Amino acid sequence: RMDKRCSSDKVHEQVCFTISTYDAGTAELDVLVTDPQGEDLTDRVLEDNTGSQFTLSFTPHKPGAYKIFVKYGNEELPDMPLMLTIVEDVLAQIQATGNGLSSNQFCSASSSFTLTSSVISWEEVRVTILGPQDNPVTVESTNSATDAVYTYSTLLTGRYSTSVLCVDTTA
């Protein structure tokens, strides 16, 4: 039996599984992980936790489909290979700066902030700002190849929250 332990499916974040051989008797466990190009992932770690429970861990370094092959006693487990799709963490590659990111804003002030990234299309980014009592705030944007400047006016003094969402526009 194989269960996923770590929840990440992102590039540069550790992925781990627990493999249990408790009811399978005694045999040798062999694990192979391949990257999207079919190359063997040599930095995988297979730890023997109890003699019948093992932890497989690895850190993917590129996005795409990874395959995990598990053999026990020289026989491949059912439902192998296990496919795992790894994605880029796009929001981690965006830098945000500016006074418009402050949570406490004053009435009738113009605020702005800039998002900078060379890896995303600005059409994929949705910015939402909520003012006091969760009132939606109108946001205007000006985009260049690597920067997007978001400007808004505060009509009420109080706490404002900003959310940035990256959406898939190809679906």
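Parameters and conventions
- Residues numbered from 1 in each chain as written.
- Predicted model: local features only at pLDDT ≥ 70, side-chain atom pairs only at ≥ 80, totals over all residues.
- Heavy atoms only, no water.
- Pairing = 2+ DSSP bridges.
- Helix = DSSP H or I, 4+ residues; strand = E, 2+ residues; numbered from the N terminus.
- Axes fitted to C-alpha atoms, helices over the stretch in contact; angles between N-to-C directions.
- Salt bridge = Lys/Arg side-chain N within 4 Å of Asp/Glu carboxyl O.
- Buried < 20%, exposed > 50% of the residue type's maximum accessible area, 1.4 Å probe, protein only.

1. Things to note about the sheet that holds strand β14 (residues 140-143)
Reading across from one edge, β9-β11-β15-β14 is the order of the 4 strands in this open sheet, with antiparallel pairing throughout. Edge positions in the sheet fall to β9 (95-97) and β14, since each has one partner strand and no second. Across the sheet, the axes of successive neighbouring strands diverge by a mean angle of 20°, strand direction being ignored. Pairing between β9 and strand β11 (residues 110-116): 3 bridges, direction antiparallel.

2. Section: the pattern of salt bridges
Counting across every chain of the model gives 2 salt bridges. A salt bridge links Lys62 to Asp35; its shortest N-O distance comes to 3.4 Å. With Lys62 in the loop between β5 (53-58) and β6 (64-72) and Asp35 in the loop between β3 (29-34) and β4 (45-48), this pair connects stretches of sequence that are 27 residues apart. Two residues, Arg44 and Asp40, come together in a salt bridge whose shortest N-O distance is 3.0 Å. Since its relative accessible area comes to 26%, Arg44 is described here as partly exposed.

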